[in-house]
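# What the coordinates show
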Amino acid sequence: ISSTAWLWPTRTIRSQVLTLKERAYVEVARLSGMRGLEIILKELVPNLLPFIIASLVTTTASAILASIGLEALGLGPPDDPTLGMTIHRVIVYGGVIMGSWWWWLAPTILITMVFIALYLINLGTDEEIKIKELVSLIINLSGINNIEVNFDTSKPCGQPRRNCDNTKAMSK
């Protein structure tokens, strides 16, 4: 499973690197005198981190599913207490046919919880990517340069720091 699991994430991350290295901020960093390793660590890696995490989560979920599926078919080590072998034993000993629903309920619930957790991690990183892309699109379309948008939720007006005055919001 692990011998082929690295192919898709490698291609995805490589395409992102090729896209990011053509961006203006990488050219500015290069012109400002940053060396190649500095550009990679300070400019590319922070922008690639959500893609790396999403690829890792997707690959992990696929590997778990493949491993459980192969073990459920009886292709795993017979003495190891894994989720797939537990499901295989339920199938072999007729737990479903005999009405012993509790034999397969625990491994199925555990597998479902693992995949929901991995999905939520993937969803969170996807939201992070979308938010960064939306903010950069708005800044590029507005033509504003050198702007730092930082939302402070502790202020009552819920606006960016540069637009929010605590005294005006509290007096209203």
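These remarks concern the structure in this document. (Residues numbered from 1 in each chain as written. Predicted model: local features only at pLDDT ≥ 70, side-chain atom pairs only at ≥ 80, totals over all residues. Heavy atoms only, no water.)

Helices that pack against each other are described as a pair by the angle of their axes relative to one another and the distance between those axes. Remark: helix α2 (residues 24-31) packs on helix α3 (residues 36-72), axes separated minimally by 10 Å, with the N-to-C direction vectors making an angle of 170°. On the basis of their axis angle, the class for α2 and α3 is roughly antiparallel. For the pair α2 and α3, contact is made by Tyr-25, Val-26, Ala-29 and Arg-30 and by Ile-39, Glu-43, Leu-44 and Asn-47, respectively. The residue inventory of the contact of α2 with α3, partitioned by class, reads five nonpolar, one polar and two charged. (Axes fitted to C-alpha atoms, helices over the stretch in contact; angles between N-to-C directions. Helix = DSSP H or I, 4+ residues; strand = E, 2+ residues; numbered from the N terminus. Parallel < 35°, antiparallel > 145°, perpendicular 65-115°, else oblique. Contact = heavy atoms within 4.5 Å. Nonpolar A, V, L, I, M, F, W, Y, C, P; charged D, E, K, R; others polar.)

A few words now on a nonpolar patch on the surface. Taken together, the side chains of Val-92, Tyr-93, Val-96, Ile-97, Met-98, Trp-101, Trp-102, Trp-103 and Trp-104 make up a nonpolar region of the molecular surface, amounting to roughly 1100 Å² of accessible area. If you tally residues by element for the nonpolar patch, the top one is helix α5 (residues 101-142), at four residues. Take Tyr-93: its relative accessible area is 56%, and that puts it in the exposed class. (Patch = residues over 30% accessible without salt bridge, like charges linked within 9 Å, V, L, I, M, F, W, Y side chains within 5 Å. Areas by Shrake-Rupley, 256 points an atom, 1.4 Å probe, with all protein chains shown as cover. Salt bridge = Lys/Arg side-chain N within 4 Å of Asp/Glu carboxyl O. Buried < 20%, exposed > 50% of the residue type's maximum accessible area, 1.4 Å probe, protein only.)

For the rest of this paragraph, the subject is the pattern of salt bridges. When charged atoms on two side chains of opposite charge get close, those side chains can pair. Enumeration according to the criterion identifies one salt bridge in this entry. Of the charged contacts, one joins Arg-30 and Glu-27 as a salt bridge, the two residues approaching to 2.9 Å between their closest N and O atoms. Linking Arg-30 with Glu-27, this pair stays in helix α2, spanning three residues, or about one helical turn. Judged by relative accessible area, Glu-27 falls into the partly exposed class, the value being 36%.

Let's shift gears to the packing of α3 against helix α4 (residues 83-92). Taken N-terminus to C-terminus, the directions of α3 and α4 make an angle of 30°; their axes are 7 Å apart at the nearest point. Put simply, α3 runs roughly parallel to α4. The way α3 lies across α4 gives a crossing that is right-handed. On the side of α3, the interface is formed by Ile-68, Glu-71 and Ala-72, while α4 contributes Leu-83, Gly-84, Met-85, Ile-87, His-88 and Ile-91. Here the residues of the contact of α3 with α4 are counted per class, giving six nonpolar, two polar and one charged. (Left-handed = near helix turned anticlockwise from the far one by under 90°.)

We now examine the environment of Ser-100. In this structure, Ser-100 sits in the loop between α4 and α5. With 10 residues separating them in the primary sequence, Ser-100 and Val-90 have C-alpha atoms 8.8 Å apart.

Moving on to the nonpolar core. Formed by Leu-20, Val-26, Ala-29, Met-34, Ile-39, Leu-44 and Leu-48, the largest nonpolar core amounts to seven residues. Among the elements of the structure, α2 and α3 are those that each provide at least two residues to this core. A per-element tally of this core places α3 first, with three residues. Contacts of Met-34, omitting those with residues within four sequence positions, involve Ala-29, Ile-39, Lys-42 and Glu-43. (Core = buried A, V, L, I, M, F, W, Y, C linked by side-chain atoms within 4.5 Å.)

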